[in-house]
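# Descriptive structure summary
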Amino acid sequence: MSFFSAQKVLCVLYPDPLTGFPPNYSREDIPALTHYPDGQTMPTPSSIDFTGGHLLGSVSGGLGLESFLTTRGHRFVVTSDKDGPDSVFEKELTDADVVISQPFWPGYLTAERIAKAPNLKLAITAGIGSDHVDLQSAIDRDITVCEVTWCNSISVAEHAVMQMLALVRDFIPQYGWVVRSGWNIADAVSRSYDIEGMDVGVVASGRIGLAFLKRMKPFDVNLHYTDRHRLSPEVERELGLTFHENVESLVSVCDAVSIHCPLHPETEHMFNDDLIGKMKRGSYIVNTARGKICDRDAIVRALENGQLAGYAGDVWFPQPPPNDHPWRTMPNHAMTPHTSGTSLSAQARYAAGVREILECWLDGRPIRDEYLIVQGGGLAGTGIHSYTEGNATGGSEEAARFKQS
Ligand code: NDP
(Lines give C-alpha, C1' and ligand atoms only; values in the text may rest on other atoms or scores of the structure.)
Protein backbone atom coordinates (compact mmCIF):
# COMPACT_ATOMS: atom_id res chain seq x y z
CA MET A 1 0.00 0.00 0.00
CA SER A 2 1.60 3.26 -1.13
CA PHE A 3 1.45 6.50 0.85
CA PHE A 4 1.29 8.31 -2.52
CA SER A 5 -1.34 7.46 -5.15
CA ALA A 6 -0.14 6.80 -8.70
CA GLN A 7 3.04 8.74 -9.30
CA LYS A 8 4.81 9.48 -12.54
CA VAL A 9 8.48 8.61 -12.20
CA LEU A 10 10.60 10.01 -15.03
CA CYS A 11 14.02 8.46 -15.38
CA VAL A 12 16.88 9.69 -17.58
CA LEU A 13 19.47 7.01 -18.35
CA TYR A 14 22.28 6.74 -20.86
CA PRO A 15 21.57 5.02 -24.20
CA ASP A 16 21.94 1.25 -24.58
CA PRO A 17 25.22 -0.13 -25.98
CA LEU A 18 25.62 0.41 -29.75
CA THR A 19 26.26 -3.35 -29.92
CA GLY A 20 22.89 -4.13 -28.35
CA PHE A 21 21.38 -4.91 -24.97
CA PRO A 22 22.17 -6.89 -22.91
CA PRO A 23 25.93 -6.99 -23.44
CA ASN A 24 28.01 -10.14 -23.01
CA TYR A 25 29.29 -9.99 -19.47
CA SER A 26 32.97 -10.72 -18.90
CA ARG A 27 32.43 -11.97 -15.34
CA GLU A 28 29.81 -14.09 -13.61
CA ASP A 29 29.35 -12.02 -10.49
CA ILE A 30 30.59 -9.15 -8.34
CA PRO A 31 31.96 -9.32 -4.79
CA ALA A 32 29.35 -9.09 -2.04
CA LEU A 33 30.22 -6.13 0.19
CA THR A 34 28.66 -5.90 3.63
CA HIS A 35 29.22 -2.23 4.49
CA TYR A 36 31.04 0.92 3.38
CA PRO A 37 34.45 1.93 4.80
CA ASP A 38 32.99 4.13 7.56
CA GLY A 39 30.47 1.46 8.60
CA GLN A 40 27.47 2.88 6.74
CA THR A 41 25.21 0.04 5.66
CA MET A 42 24.75 -0.88 2.03
CA PRO A 43 21.40 0.08 0.46
CA THR A 44 18.50 -1.69 2.16
CA PRO A 45 15.56 -2.01 -0.27
CA SER A 46 12.99 -4.65 0.70
CA SER A 47 14.04 -6.64 -2.37
CA ILE A 48 15.61 -6.14 -5.81
CA ASP A 49 14.55 -7.29 -9.27
CA PHE A 50 17.94 -7.28 -10.97
CA THR A 51 21.19 -9.21 -11.06
CA GLY A 52 24.16 -7.43 -9.52
CA GLY A 53 26.88 -6.90 -12.14
CA HIS A 54 24.41 -6.47 -15.02
CA LEU A 55 23.98 -3.26 -17.02
CA LEU A 56 21.31 -1.28 -15.16
CA GLY A 57 22.30 2.31 -15.99
CA SER A 58 21.20 2.29 -19.64
CA VAL A 59 17.63 2.67 -20.84
CA SER A 60 16.85 -1.06 -21.14
CA GLY A 61 18.40 -1.72 -17.72
CA GLY A 62 15.99 0.82 -16.21
CA LEU A 63 17.83 0.63 -12.87
CA GLY A 64 15.85 -2.57 -12.32
CA LEU A 65 12.82 -0.51 -11.23
CA GLU A 66 10.17 -1.26 -13.84
CA SER A 67 8.26 -4.09 -12.19
CA PHE A 68 8.55 -2.61 -8.69
CA LEU A 69 6.95 0.66 -9.81
CA THR A 70 4.37 -0.59 -12.27
CA THR A 71 3.01 -3.36 -10.03
CA ARG A 72 2.38 -0.66 -7.43
CA GLY A 73 0.40 1.32 -9.99
CA HIS A 74 2.97 4.01 -10.74
CA ARG A 75 4.04 5.17 -14.21
CA PHE A 76 7.66 4.65 -15.09
CA VAL A 77 8.99 6.56 -18.11
CA VAL A 78 12.62 5.98 -19.11
CA THR A 79 14.42 7.99 -21.76
CA SER A 80 17.90 8.97 -22.86
CA ASP A 81 16.57 11.87 -24.95
CA LYS A 82 17.32 14.62 -22.46
CA ASP A 83 18.59 17.81 -24.11
CA GLY A 84 16.81 20.64 -25.88
CA PRO A 85 13.23 21.87 -25.69
CA ASP A 86 11.91 19.05 -27.94
CA SER A 87 13.51 16.28 -25.90
CA VAL A 88 11.37 13.52 -24.38
CA PHE A 89 12.68 14.54 -20.96
CA GLU A 90 11.49 18.11 -21.28
CA LYS A 91 8.07 17.05 -22.59
CA GLU A 92 7.50 14.32 -20.00
CA LEU A 93 8.64 16.60 -17.18
CA THR A 94 5.45 18.69 -17.26
CA ASP A 95 3.48 16.18 -15.15
CA ALA A 96 6.29 14.20 -13.51
CA ASP A 97 6.23 13.73 -9.72
CA VAL A 98 9.67 12.19 -9.39
CA VAL A 99 12.79 12.55 -11.59
CA ILE A 100 15.69 10.12 -11.48
CA SER A 101 18.90 11.00 -13.26
CA GLN A 102 22.51 9.87 -13.35
CA PRO A 103 25.48 12.27 -13.35
CA PHE A 104 27.02 10.30 -16.24
CA TRP A 105 24.19 11.35 -18.56
CA PRO A 106 22.56 14.09 -16.55
CA GLY A 107 19.02 15.25 -17.08
CA TYR A 108 19.78 18.87 -16.20
CA LEU A 109 17.07 20.25 -13.93
CA THR A 110 17.52 23.97 -14.52
CA ALA A 111 15.32 26.69 -13.03
CA GLU A 112 13.44 26.90 -16.35
CA ARG A 113 12.72 23.19 -16.38
CA ILE A 114 11.74 23.13 -12.71
CA ALA A 115 9.28 25.96 -13.45
CA LYS A 116 7.69 23.74 -16.10
CA ALA A 117 7.28 20.83 -13.64
CA PRO A 118 4.64 21.90 -11.10
CA ASN A 119 4.17 18.36 -9.70
CA LEU A 120 7.85 17.67 -9.16
CA LYS A 121 8.53 16.80 -5.52
CA LEU A 122 11.57 14.51 -5.59
CA ALA A 123 14.79 14.48 -7.65
CA ILE A 124 16.93 11.39 -7.11
CA THR A 125 20.54 11.22 -8.27
CA ALA A 126 21.37 7.62 -9.17
CA GLY A 127 24.95 8.12 -8.07
CA ILE A 128 26.67 10.95 -6.19
CA GLY A 129 26.78 14.64 -7.14
CA SER A 130 23.52 16.55 -7.57
CA ASP A 131 24.95 19.63 -9.27
CA HIS A 132 22.89 18.85 -12.42
CA VAL A 133 19.93 20.07 -10.35
CA ASP A 134 19.60 23.81 -9.75
CA LEU A 135 19.77 23.35 -5.99
CA GLN A 136 18.66 26.93 -5.34
CA SER A 137 15.46 26.37 -7.32
CA ALA A 138 14.92 23.05 -5.55
CA ILE A 139 15.29 24.87 -2.22
CA ASP A 140 12.90 27.62 -3.31
CA ARG A 141 10.33 25.13 -4.62
CA ASP A 142 10.69 22.72 -1.66
CA ILE A 143 11.74 19.83 -3.87
CA THR A 144 13.60 17.03 -2.09
CA VAL A 145 16.97 16.21 -3.69
CA CYS A 146 18.86 13.10 -2.68
CA GLU A 147 21.72 10.93 -3.88
CA VAL A 148 23.07 7.48 -3.02
CA THR A 149 25.93 8.50 -0.76
CA TRP A 150 28.91 6.10 -0.84
CA CYS A 151 27.50 4.02 -3.73
CA ASN A 152 30.39 4.74 -6.10
CA SER A 153 32.94 6.58 -3.98
CA ILE A 154 35.44 3.72 -4.03
CA SER A 155 34.82 3.17 -7.75
CA VAL A 156 35.91 6.78 -8.35
CA ALA A 157 38.91 6.59 -6.00
CA GLU A 158 40.17 3.55 -7.94
CA HIS A 159 39.71 5.38 -11.25
CA ALA A 160 41.53 8.47 -9.98
CA VAL A 161 44.53 6.40 -8.85
CA MET A 162 44.57 4.72 -12.26
CA GLN A 163 44.48 8.06 -14.07
CA MET A 164 47.16 9.64 -11.92
CA LEU A 165 49.50 6.73 -12.66
CA ALA A 166 48.48 6.86 -16.34
CA LEU A 167 49.54 10.52 -16.45
CA VAL A 168 52.80 10.33 -14.53
CA ARG A 169 53.93 7.07 -16.20
CA ASP A 170 52.50 8.39 -19.52
CA PHE A 171 50.64 5.14 -20.21
CA ILE A 172 48.32 6.20 -23.06
CA PRO A 173 50.99 7.11 -25.64
CA GLN A 174 52.96 3.95 -24.75
CA TYR A 175 49.88 1.82 -25.39
CA GLY A 176 49.56 3.74 -28.67
CA TRP A 177 53.00 2.53 -29.79
CA VAL A 178 51.98 -1.08 -29.16
CA VAL A 179 48.73 -0.96 -31.11
CA ARG A 180 50.49 0.81 -33.98
CA SER A 181 53.01 -2.13 -34.03
CA GLY A 182 55.88 0.18 -33.16
CA TRP A 183 58.76 -0.28 -30.70
CA ASN A 184 59.99 3.27 -30.19
CA ILE A 185 61.16 3.13 -26.61
CA ALA A 186 62.90 6.51 -26.50
CA ASP A 187 59.75 8.20 -27.78
CA ALA A 188 57.59 6.16 -25.43
CA VAL A 189 59.52 7.15 -22.29
CA SER A 190 60.21 10.78 -23.14
CA ARG A 191 57.47 11.97 -20.74
CA SER A 192 57.44 9.01 -18.31
CA TYR A 193 58.36 9.36 -14.61
CA ASP A 194 58.06 7.41 -11.36
CA ILE A 195 55.51 8.76 -8.91
CA GLU A 196 57.58 7.56 -5.93
CA GLY A 197 58.81 10.53 -3.90
CA MET A 198 56.46 13.03 -5.56
CA ASP A 199 54.14 15.37 -3.63
CA VAL A 200 50.55 14.34 -4.28
CA GLY A 201 47.56 16.29 -2.98
CA VAL A 202 43.77 16.19 -2.92
CA VAL A 203 41.28 19.01 -2.99
CA ALA A 204 38.69 17.71 -0.49
CA SER A 205 39.17 14.73 1.79
CA GLY A 206 35.60 13.46 1.89
CA ARG A 207 34.67 9.88 1.07
CA ILE A 208 36.47 9.78 -2.29
CA GLY A 209 39.35 12.09 -1.38
CA LEU A 210 40.25 10.07 1.71
CA ALA A 211 39.89 6.76 -0.16
CA PHE A 212 42.25 8.14 -2.83
CA LEU A 213 44.81 9.17 -0.19
CA LYS A 214 44.67 5.73 1.43
CA ARG A 215 45.23 4.07 -1.93
CA MET A 216 48.17 6.35 -2.80
CA LYS A 217 49.96 5.85 0.54
CA PRO A 218 51.72 2.58 -0.51
CA PHE A 219 53.32 4.39 -3.47
CA ASP A 220 55.67 6.17 -1.02
CA VAL A 221 54.62 9.66 -2.04
CA ASN A 222 54.26 12.73 0.22
CA LEU A 223 50.54 13.24 0.75
CA HIS A 224 48.79 16.62 1.10
CA TYR A 225 45.18 17.74 1.42
CA THR A 226 42.94 20.75 1.77
CA ASP A 227 39.30 20.69 2.91
CA ARG A 228 36.82 22.91 4.75
CA HIS A 229 37.10 20.55 7.73
CA ARG A 230 40.30 18.98 8.97
CA LEU A 231 40.66 15.20 9.33
CA SER A 232 41.42 13.75 12.76
CA PRO A 233 45.03 13.88 14.00
CA GLU A 234 45.02 10.04 14.01
CA VAL A 235 44.18 9.87 10.30
CA GLU A 236 46.68 12.61 9.48
CA ARG A 237 49.40 10.70 11.35
CA GLU A 238 48.50 7.29 9.91
CA LEU A 239 48.69 8.55 6.32
CA GLY A 240 51.44 11.12 6.92
CA LEU A 241 49.24 13.94 5.63
CA THR A 242 50.12 17.62 5.40
CA PHE A 243 47.05 19.84 5.78
CA HIS A 244 46.80 23.09 3.79
CA GLU A 245 44.47 25.91 4.84
CA ASN A 246 43.67 26.68 1.22
CA VAL A 247 43.98 25.28 -2.26
CA GLU A 248 46.64 27.85 -3.27
CA SER A 249 48.98 26.54 -0.59
CA LEU A 250 48.29 22.93 -1.63
CA VAL A 251 48.93 23.36 -5.34
CA SER A 252 52.12 25.38 -4.82
CA VAL A 253 53.92 22.35 -3.33
CA CYS A 254 52.33 19.43 -5.20
CA ASP A 255 53.50 17.64 -8.32
CA ALA A 256 50.10 16.04 -8.85
CA VAL A 257 46.65 17.07 -7.61
CA SER A 258 43.44 15.07 -7.58
CA ILE A 259 40.15 16.97 -7.25
CA HIS A 260 37.38 15.48 -5.08
CA CYS A 261 35.08 18.31 -3.96
CA PRO A 262 31.47 18.64 -5.16
CA LEU A 263 30.58 21.29 -7.74
CA HIS A 264 28.76 24.19 -6.13
CA PRO A 265 29.15 27.96 -6.43
CA GLU A 266 32.25 27.95 -4.17
CA THR A 267 34.13 25.43 -6.33
CA GLU A 268 32.97 26.39 -9.84
CA HIS A 269 36.04 27.28 -11.97
CA MET A 270 38.33 26.90 -8.95
CA PHE A 271 41.12 25.76 -11.30
CA ASN A 272 41.41 28.87 -13.48
CA ASP A 273 44.45 30.56 -15.07
CA ASP A 274 45.31 32.17 -11.76
CA LEU A 275 45.34 28.98 -9.66
CA ILE A 276 46.99 26.88 -12.36
CA GLY A 277 49.64 29.61 -12.58
CA LYS A 278 50.45 28.97 -8.88
CA MET A 279 51.15 25.26 -9.56
CA LYS A 280 54.67 23.93 -10.12
CA ARG A 281 55.51 23.91 -13.82
CA GLY A 282 54.86 20.42 -15.19
CA SER A 283 52.18 19.49 -12.64
CA TYR A 284 49.43 16.96 -13.25
CA ILE A 285 45.71 17.35 -12.51
CA VAL A 286 43.24 14.49 -12.16
CA ASN A 287 39.61 15.57 -11.98
CA THR A 288 36.98 12.92 -11.38
CA ALA A 289 34.79 15.38 -9.42
CA ARG A 290 33.05 17.66 -11.92
CA GLY A 291 34.23 19.23 -15.18
CA LYS A 292 33.16 22.74 -14.24
CA ILE A 293 35.48 22.84 -11.22
CA CYS A 294 38.12 23.50 -13.89
CA ASP A 295 37.97 26.37 -16.36
CA ARG A 296 37.81 24.51 -19.70
CA ASP A 297 40.03 26.85 -21.69
CA ALA A 298 42.52 27.48 -18.88
CA ILE A 299 43.24 23.72 -18.82
CA VAL A 300 43.80 23.67 -22.58
CA ARG A 301 46.13 26.71 -22.40
CA ALA A 302 48.16 25.19 -19.56
CA LEU A 303 48.62 21.89 -21.42
CA GLU A 304 49.64 23.71 -24.58
CA ASN A 305 52.23 25.91 -22.86
CA GLY A 306 53.59 23.17 -20.57
CA GLN A 307 52.44 24.63 -17.24
CA LEU A 308 50.56 21.33 -16.90
CA ALA A 309 52.33 18.12 -17.92
CA GLY A 310 49.05 16.24 -18.06
CA TYR A 311 45.33 16.33 -17.30
CA ALA A 312 43.04 13.35 -16.78
CA GLY A 313 39.63 12.67 -15.40
CA ASP A 314 36.22 11.58 -16.52
CA VAL A 315 34.02 14.59 -15.89
CA TRP A 316 33.12 17.20 -18.49
CA PHE A 317 30.80 20.14 -18.81
CA PRO A 318 28.28 19.83 -20.16
CA GLN A 319 27.63 16.13 -20.54
CA PRO A 320 27.74 14.79 -23.12
CA PRO A 321 30.32 17.33 -24.28
CA PRO A 322 29.80 18.76 -27.77
CA ASN A 323 31.80 16.92 -30.43
CA ASP A 324 34.15 19.90 -30.75
CA HIS A 325 34.85 20.18 -26.98
CA PRO A 326 38.58 21.04 -26.80
CA TRP A 327 39.29 18.48 -24.08
CA ARG A 328 38.81 15.76 -26.69
CA THR A 329 41.86 16.95 -28.63
CA MET A 330 44.10 18.88 -26.18
CA PRO A 331 47.66 17.57 -25.75
CA ASN A 332 48.80 15.17 -23.01
CA HIS A 333 45.40 14.21 -21.67
CA ALA A 334 44.12 10.84 -20.50
CA MET A 335 40.40 11.57 -20.39
CA THR A 336 37.67 8.96 -20.23
CA PRO A 337 33.96 9.58 -20.73
CA HIS A 338 32.16 9.83 -17.39
CA THR A 339 32.53 6.20 -16.38
CA SER A 340 34.37 6.03 -13.07
CA GLY A 341 31.24 5.88 -10.94
CA THR A 342 29.22 3.64 -13.22
CA SER A 343 31.21 0.42 -13.27
CA LEU A 344 28.90 -2.60 -13.29
CA SER A 345 29.78 -3.02 -9.60
CA ALA A 346 28.70 0.53 -8.77
CA GLN A 347 25.47 0.22 -10.74
CA ALA A 348 24.27 -2.58 -8.48
CA ARG A 349 24.74 -0.34 -5.44
CA TYR A 350 23.12 2.78 -6.82
CA ALA A 351 20.21 0.88 -8.35
CA ALA A 352 19.55 -0.68 -4.93
CA GLY A 353 19.95 2.74 -3.29
CA VAL A 354 17.45 4.36 -5.65
CA ARG A 355 14.99 1.56 -4.91
CA GLU A 356 15.50 2.13 -1.17
CA ILE A 357 14.83 5.87 -1.59
CA LEU A 358 11.71 5.24 -3.69
CA GLU A 359 10.36 2.71 -1.21
CA CYS A 360 10.79 5.23 1.61
CA TRP A 361 9.26 8.06 -0.38
CA LEU A 362 6.30 6.12 -1.70
CA ASP A 363 5.58 4.61 1.73
CA GLY A 364 5.85 7.99 3.48
CA ARG A 365 8.90 6.93 5.51
CA PRO A 366 11.94 9.22 6.00
CA ILE A 367 14.83 8.93 3.57
CA ARG A 368 18.15 8.32 5.32
CA ASP A 369 19.83 11.52 6.38
CA GLU A 370 23.05 10.60 4.60
CA TYR A 371 21.21 10.49 1.26
CA LEU A 372 19.64 13.94 1.63
CA ILE A 373 21.00 17.01 -0.18
CA VAL A 374 17.95 19.31 -0.10
CA GLN A 375 14.78 18.89 1.95
CA GLY A 376 12.22 21.15 3.55
CA GLY A 377 13.37 24.25 1.66
CA GLY A 378 17.05 24.07 2.64
CA LEU A 379 20.22 22.02 2.42
CA ALA A 380 19.83 18.85 4.49
CA GLY A 381 21.80 15.78 5.58
CA THR A 382 24.97 15.31 3.52
CA GLY A 383 24.02 18.44 1.58
CA ILE A 384 24.64 20.66 4.62
CA HIS A 385 28.17 19.38 4.95
CA SER A 386 29.26 19.18 1.31
CA TYR A 387 27.36 21.82 -0.69
CA THR A 388 26.55 25.52 -0.60
CA GLU A 389 23.24 26.96 -1.73
CA GLY A 390 23.02 28.23 -5.31
CA ASN A 391 23.04 26.97 -8.86
CA ALA A 392 25.80 25.41 -10.95
CA THR A 393 23.76 24.31 -14.00
CA GLY A 394 24.41 27.47 -16.08
CA GLY A 395 25.48 26.59 -19.64
CA SER A 396 24.13 23.03 -19.53
CA GLU A 397 21.92 23.66 -22.57
CA GLU A 398 25.10 23.30 -24.66
CA ALA A 399 24.76 19.51 -24.21
CA ALA A 400 22.18 19.63 -27.02
CA ARG A 401 25.04 20.27 -29.48
CA PHE A 402 26.38 16.71 -28.99
CA LYS A 403 25.70 14.39 -31.93
CA GLN A 404 26.28 10.63 -31.65
CA SER A 405 28.54 9.60 -34.54
P1 NDP B 1 31.74 13.79 0.15
O2 NDP B 1 30.53 14.57 0.48
O3 NDP B 1 32.11 12.64 1.02
O4 NDP B 1 33.02 14.73 0.11
C5 NDP B 1 33.02 16.01 -0.41
C6 NDP B 1 34.10 16.78 0.32
O7 NDP B 1 34.29 18.01 -0.37
C8 NDP B 1 33.75 17.11 1.75
O9 NDP B 1 34.81 16.70 2.57
C10 NDP B 1 33.61 18.62 1.72
O11 NDP B 1 34.10 19.27 2.84
C12 NDP B 1 34.56 18.99 0.61
N13 NDP B 1 34.35 20.33 0.09
C14 NDP B 1 33.19 20.93 -0.24
N15 NDP B 1 33.42 22.19 -0.68
C16 NDP B 1 34.76 22.37 -0.59
C17 NDP B 1 35.61 23.47 -0.89
N18 NDP B 1 35.12 24.62 -1.34
N19 NDP B 1 36.94 23.31 -0.70
C20 NDP B 1 37.44 22.15 -0.24
N21 NDP B 1 36.68 21.07 0.08
C22 NDP B 1 35.35 21.19 -0.11
O23 NDP B 1 31.56 13.33 -1.35
P24 NDP B 1 32.32 12.20 -2.17
O25 NDP B 1 33.75 12.20 -1.76
O26 NDP B 1 31.58 10.94 -2.13
O27 NDP B 1 32.15 12.81 -3.64
C28 NDP B 1 32.74 14.05 -3.98
C29 NDP B 1 32.32 14.47 -5.37
O30 NDP B 1 32.85 13.56 -6.32
C31 NDP B 1 30.80 14.43 -5.63
O32 NDP B 1 30.15 15.57 -5.15
C33 NDP B 1 30.76 14.35 -7.13
O34 NDP B 1 30.83 15.64 -7.69
C35 NDP B 1 32.04 13.59 -7.47
N36 NDP B 1 31.72 12.21 -7.88
C37 NDP B 1 32.08 11.82 -9.14
C38 NDP B 1 31.75 10.57 -9.60
C39 NDP B 1 32.18 10.10 -10.95
O40 NDP B 1 31.61 9.13 -11.46
N41 NDP B 1 33.18 10.70 -11.56
C42 NDP B 1 30.97 9.64 -8.77
C43 NDP B 1 30.77 10.09 -7.41
C44 NDP B 1 31.09 11.36 -7.02
P45 NDP B 1 33.40 19.30 4.27
O46 NDP B 1 32.38 18.22 4.26
O47 NDP B 1 34.56 19.05 5.15
O48 NDP B 1 32.80 20.64 4.38
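Everything here concerns the structure above.
For every chain, the first residue of its written sequence is number 1, and the numbers climb from 1 along that sequence. With the structure being a predicted model, the display of local features is reserved for residues of pLDDT at least 70 and the display and counting of side-chain atom pairs for 80 or more, all residues being used for whole-chain, interface and lining totals. The side-chain values count all of the structure's non-hydrogen atoms but skip hydrogen atoms and water molecules.

## Considerations on the sheet that holds strand 6 (residues 199–203)
One bridge is not enough; two strands pair if DSSP finds at least two bridges between them. The helix and strand labels rest on DSSP assignments: H or I over at least four residues marks a helix, E over at least two residues marks a strand, and numbering proceeds from the N terminus. Ordered by their spatial adjacency, seven strands build an open sheet running 8-7-6-9-10-11-12, and the pairing between neighbours is parallel. Each edge of the open sheet carries a strand with a single partner, namely strand 8 (241–243) and strand 12 (333–335). Here the average twist between neighbouring strands, direction ignored, is 20 degrees. With four bridges connecting them, strand 6 and strand 9 (residues 256–259) associate as parallel partners. Among the inter-strand pairings, G201 is bridged to a residue of strand 9, identified as V257. Its contacts with the sheet place helix 5 (residues 153–169) against strand 6, strand 9, strand 10 (283–287), strand 11 (308–313) and strand 12, and it is angled at close to 155 degrees to strand 10. Lines are fitted to the C-alpha atoms to define the axes, a helix being fitted only along its stretch in contact, and any angle between axes, read from their N-to-C directions, falls within 0 to 180 degrees. By definition, residues are in contact when any of their heavy atoms lie within 4.5 Å.

## Considerations on the sheet that holds strand 2 (residues 75–79)
Backbone-to-backbone hydrogen bonds pair the strands of a sheet. The strands run either parallel or antiparallel. Spatially, 2-1-3-4-5-13-14 is the arrangement adopted by the seven strands of the open sheet, whose pairing is mixed. Since the sheet does not close on itself, it has two edges, and those belong to strand 2 and strand 14 (378–379), each with one partner. Note: strand 3 (residues 98–101) against strand 4 (residues 122–125), four bridges, orientation parallel. Directly across from S101, in strand 4, lies its bridge partner T125.

## Section: empty space enclosed by the protein
Detection works on a 1 Å grid of protein atoms alone, calling trapped sets that fit a 1.4 Å probe cavities and calling open sets with protein on both sides within 12 Å along at least five of seven lines pockets, with lining residues defined by an atom within 4 Å of a point. Grid points are joined across faces, edges and corners, and a volume is the space filled by probe spheres set on the points. As enumerated under the stated definition, the model contains two cavities of 30 Å³ or more in all. There is about 120 Å³ of room inside the largest cavity. Considering the residues around the largest cavity, the lining is formed by 15 residues, among which P106, Y108, D131, R290 and F317 are closest to the centre. We call Asp, Glu, Lys and Arg charged. Ala, Val, Leu, Ile, Met, Phe, Trp, Tyr, Cys and Pro are nonpolar, and the rest, Gly among them, are polar. Class assignment for the residues of the lining of the largest cavity results in seven nonpolar, five polar and three charged. Size it by volume and the second largest cavity reaches roughly 40 Å³. Looking at side-chain class alone, the lining of the second largest cavity contains six nonpolar, four polar and one charged residues.

In short, the description is geometric, and any link to function would need to be established separately.
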